[in-house]
Amino acid sequence: MIRPLIPEEYDRVMYIWLYANIEAHAFIPADFWRDNFDKTREMLPEAEVWVYEDEEDVCGFIGLTGDYVAGLFVAEEYRGNGFGHALLAHAKSLHRYLQLNVYEQNLRARTFYEREGFSVMERHWDDATRQYELTLNWQL
């Protein structure tokens, strides 16, 4: 079931965020994600966040700021069950256009988004992580 995030779930969502980022971005030091943990948690109430709940556990979430996908994460133990696809489909049902950034080296995410109909629009350098990022767009 997809539904809005409630404040009591912030800890679970941030746990998913931290460990998914560390795992998916082995090319970025884990301390980068730990150092940005508090700042990201503070932004949760300002974002539109939808969670995928299965049997009373938050399995993953998508965070949106307007038409921008700030993050899509699924807990490791729930990956491969279509939860990421379902969360993205939900966001697409609410928006006619979506944009996101993905690190060029994150091949798994790039493949996922391209399979979901996103197209690479530009490539740019991220000074904070010292990595190239791709901006991807999807339009209905």
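Refer to the structure printed above.
Predicted, not measured: the structure shown is a model, and the values here were computed from it.

Asker: Which residues make up the pairing of strand 2 (residues 48-54), and what values do they have?
Answerer: Of all 7 residues in strand 2, 5 are buried, a share of seventy percent or more. Linking strand 2 back to strand 3 (residues 57-65) in an antiparallel pair, the connection comprises 2 residues, with Glu55 at a positive phi of about 55 degrees.

Asker: Can you break down the nonpolar core residue by residue, with the values?
Answerer: What tends to happen in soluble globular proteins is that the nonpolar side chains get buried as a cluster. If you look at the biggest cluster of nonpolar residues, it comprises 41 residues, and the most contacted ones within it are Phe61, Ile62, Leu88, Leu98, Tyr113 and Phe118. Put simply, the parts of the chain that give this core at least two residues each are helix 1 (10-24), strand 2, strand 3, strand 4 (68-74), helix 4 (83-94), strand 5 (97-103), helix 5 (107-115) and strand 7 (131-139). Here this core gets 7 residues from one element, more than from any other, and that element is helix 1. Setting aside its immediate chain neighbours within four residues, Leu98 contacts Leu64, Asp67, Val69, Leu88, Ala91, Lys92, Phe118, Leu136, Asn137 and Trp138.

Asker: So what's going on with helix 5? Residues and values would help.
Answerer: Inspection of helix 5 places Ala109, Phe112 and Tyr113 among the buried residues, and these make up the whole buried set. Across the axial projection of helix 5, the buried residues extend over an arc of 90 degrees, all falling on one side. Facing away from the buried side of helix 5 by over 90 degrees, the exposed positions are Leu107 and Arg115. Immediately beyond the C-terminal end of helix 5, within one or two residues, lies Gly117, with a positive phi of roughly 100 degrees.

Asker: Give a detailed account of the side chain of Asn21, specifying residues and quantitative values.
Answerer: Examined against the element boundaries, Asn21 turns out to sit in helix 1. Of the residues examined, Asn21 reaches a relative accessible area of 3% and is grouped as buried. Once you skip the residues sitting within four places of it in the chain, Asn21 turns out to touch Trp33 and Phe73.

What counts, and where the lines are drawn
- Counting starts from 1 at the beginning of each chain's written sequence and moves along it residue by residue.
- Under the rules for a predicted model, residues below a pLDDT of 70 receive no local features and side-chain atom pairs below 80 are neither given nor counted, while totals for whole chains, interfaces and linings still include all residues.
- Note that water and hydrogens are dropped before the side-chain values are worked out from all heavy atoms of the structure.
- Partly exposed residues are those whose accessible area sits between 20% and 50% of the maximum for their type, while under 20% is buried and over 50% is exposed, using a 1.4 Å probe and protein chains only.
- In this description a helix means any DSSP run of H or I spanning at least four residues, a strand means any run of E spanning at least two, and both kinds are numbered starting from the N terminus.
- Should DSSP find at least two bridges between two strands, the strands are taken to pair.
- We call a set of buried Ala, Val, Leu, Ile, Met, Phe, Trp, Tyr and Cys residues a nonpolar core when their side-chain atoms join them within 4.5 Å.
- Any two residues whose heavy atoms approach within 4.5 Å at even a single point are treated as in contact.
- By arc we mean the arc of the directions from the helix axis to the C-beta atoms, nothing more.

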